[in-house]
Amino acid sequence: MDLQVLRSFQAVAEGMTVTEAAAAAHITQPALSRALNRLESEVGAELLQRVGRVLRLTPAGRVFKEYVDTVLDSYDRGRRAVAEVVDPDAGVVSLAFLHTLGTWLVPRLVTGFRQRFAAVRFELHQADENGLAQHLLDATADLIITGRDPGHPLITWRRLLVEPLWLAVPARHRLAQRRRVRLAEVADEQFIVLKPGYGLRSVTETLCRQAGFSPLVGFEGEEVETLRGLVASGLGVSLIPAAPDTVTDPEANPDLPVRYLALTDVQAVRDIGIARPASRTLPPASRRFLDHALSTAARP
């Protein structure tokens, strides 16, 4: 049993065909098939079973894969740690973040960090708030940038900044030419929101209560970009963040499909923070990026 066979088994278990996995491993398909058969013999159980044209995990295979994932992750982190001991100014930062932060905050932080540590590489992952915490718990990321404290005992969270939220309305909405409104002015309109369990959904419901009403939910989504698209189509309004360069004067940009209005009757903001595993030592590069983010994120 060697690591390459385990990686190929992992790839097939996660949906690759044997032909694709063989190509990724730079071996022939028959050679990989024989290697997987030898792996099953060593483990003493059938791990993969053909279903139509694809291979699926057997019950034994699902159990075995959990341990394979752990072994490969430990090996990869070990290699990273050794590489960073040999060259402490290099290394890899494994970072996961909310989709909406990939348009402005993450590029700004990474660019500033690379100006000081040009040899550092980044592994970037995007996920919703529910998936970000799992990246830390599964050790597929060293750091996450998220919109709320995950509230998990194995995760340490610190605030980076407070992000404004805007009332997003369609370009032809009755309020679209305004710059500031009261949230109460849209109390009777349909709201486009994230599904229950997302931090932004809770913030939206709280702000609406503060404005004196419960939001009439017309559509639920799983990503802010989906909410933005539904607003642009005229299906309702939404409380969402916006990249700084998209909040502009409507008269100067009449073709924008979504207009962002500041709210005057509630404090429309959400926390943005960075989190790390509480019980795992960060590699040097990730530790440096954490310090960089904490010291610079709130700057304009």
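Figured I'd write up the structure that's included with this text.

## Digging into the packing of aromatic side chains
Working step 1: Enumeration over the complete set of coordinates arrives at 6 aromatic pairs.
Working step 2: The rings of Phe113, Phe117, Phe122 and Phe289 are connected pair by pair, giving a single aromatic cluster.

## Structural notes on the packing of helix H5 (residues 105–116) against helix H9 (residues 284–296)
To describe two helices that pack against each other, one gives the angle between their axes and the distance between the axes.
Working step 1: As a packed pair, H5 and H9 sit with axes 10 Å apart at the nearest point and diverge in direction by 120°. With respect to each other, H5 and H9 are oriented oblique. Handedness of the crossing formed by H5 with H9: right-handed. Within the contact between the two elements, H5 uses Arg108, Leu109, Val110, Gly112, Phe113 and Arg116 and H9 uses Ala285, Arg288, Phe289, His292, Ala293 and Thr296.
Working step 2: Here the contact of H5 with H9 is built from residues that sort into 6 nonpolar, 3 polar and 3 charged.

## Regarding the nonpolar core
Working step 1: Leu95, Leu101, Leu105, Ile145 and Phe289 are the most contacted members of the largest nonpolar core, which has 36 residues in total.
Working step 2: Contributing elements (two or more residues each) for this core: strand S3 (92–98), H5, strand S4 (121–127), helix H6 (129–137), strand S5 (143–146), strand S6 (155–164), strand S13 (269–277) and H9.
Working step 3: For Leu95, the contacting residues outside a window of four places in its chain are Val106, Glu123, Leu124, His125, Leu143, Ile144, Ile145 and Phe289.
Working step 4: Formed by 34 residues, the second largest nonpolar core is a distinct cluster that contains Ala211, Leu230, Leu239 and Ala242.

## What to know about the sheet that holds S5
Working step 1: Read across the sheet, 5 strands follow the order S4-S3-S5-S13-S6 without closing on themselves; strand pairing throughout is mixed. Strand pairing shows two members of the sheet lacking a second neighbour, S4 and S6, which therefore form its edges. Sheet twist, expressed as the average angle between the axes of neighbouring strands with direction ignored, equals 20°.
Working step 2: Alignment of S3 against S5, held across 3 bridges, turns out to be parallel.

## Details of the pairing of S13
Working step 1: Of all the 9 residues making up S13, 7 are buried; the element is thus mostly covered by neighbouring parts of the structure.
Working step 2: Bridge count between S6 and S13: 9 bridges; the pairing is antiparallel. Looking at S13, one finds that Val162 is bridged to Asp271.

## Some thoughts on the sheet that holds strand S8 (residues 180–181)
Working step 1: As summarised here, the arrangement of the 4 strands in space is S8-S12-S7-S11, forming an open sheet in which the pairing is mixed. Edge strands, defined here as strands with exactly one partner in the open sheet, are S8 and strand S11 (238–240).
Working step 2: As paired elements, strand S7 (residues 166–170) and S11 share 3 bridges and run antiparallel to each other. What sits directly across from Ala168, in S11, is Ser238.
Working step 3: Against the sheet, helix H8 (residues 224–232) engages S7, S11 and strand S12 (258–263), with an angle of about 140° to S11.

## What to know about unusual backbone geometry
Working step 1: One non-glycine residue, His26, adopts positive backbone phi at about 60°.
Working step 2: Mapped onto the elements, His26 comes out in the loop between helix H2 (18–25) and helix H3 (29–43).
Working step 3: Of note in the backbone geometry, Ala139 takes a positive phi value of approximately 65° without being a glycine.
Working step 4: In this structure Ala139 comes out as buried when scored by relative accessible area, which is 11%.

## Points about the pairing of S4
Working step 1: Of the strand pairs in this sheet, S3 and S4 are connected by 7 bridges, and their pairing is parallel. Considered in S4, the bridge of Leu95 is made with Leu124.
Working step 2: After leaving S3, the chain enters H5 and then returns to the sheet as S4, a path that is right-handed.

Definitions and limits used
- Residues numbered from 1 in each chain as written.
- Predicted model: local features only at pLDDT ≥ 70, side-chain atom pairs only at ≥ 80, totals over all residues.
- Heavy atoms only, no water.
- Phe/Tyr/Trp six-rings, centres within 6.5 Å; stacked < 30°, edge-to-face > 60°.
- Axes fitted to C-alpha atoms, helices over the stretch in contact; angles between N-to-C directions.
- Helix = DSSP H or I, 4+ residues; strand = E, 2+ residues; numbered from the N terminus.
- Parallel < 35°, antiparallel > 145°, perpendicular 65-115°, else oblique.
- Left-handed = near helix turned anticlockwise from the far one by under 90°.
- Contact = heavy atoms within 4.5 Å.
- Nonpolar A, V, L, I, M, F, W, Y, C, P; charged D, E, K, R; others polar.
- Core = buried A, V, L, I, M, F, W, Y, C linked by side-chain atoms within 4.5 Å.
- Buried < 20%, exposed > 50% of the residue type's maximum accessible area, 1.4 Å probe, protein only.
- Pairing = 2+ DSSP bridges.
- Right-handed = clockwise from strand over helix to strand, strands pointing away.

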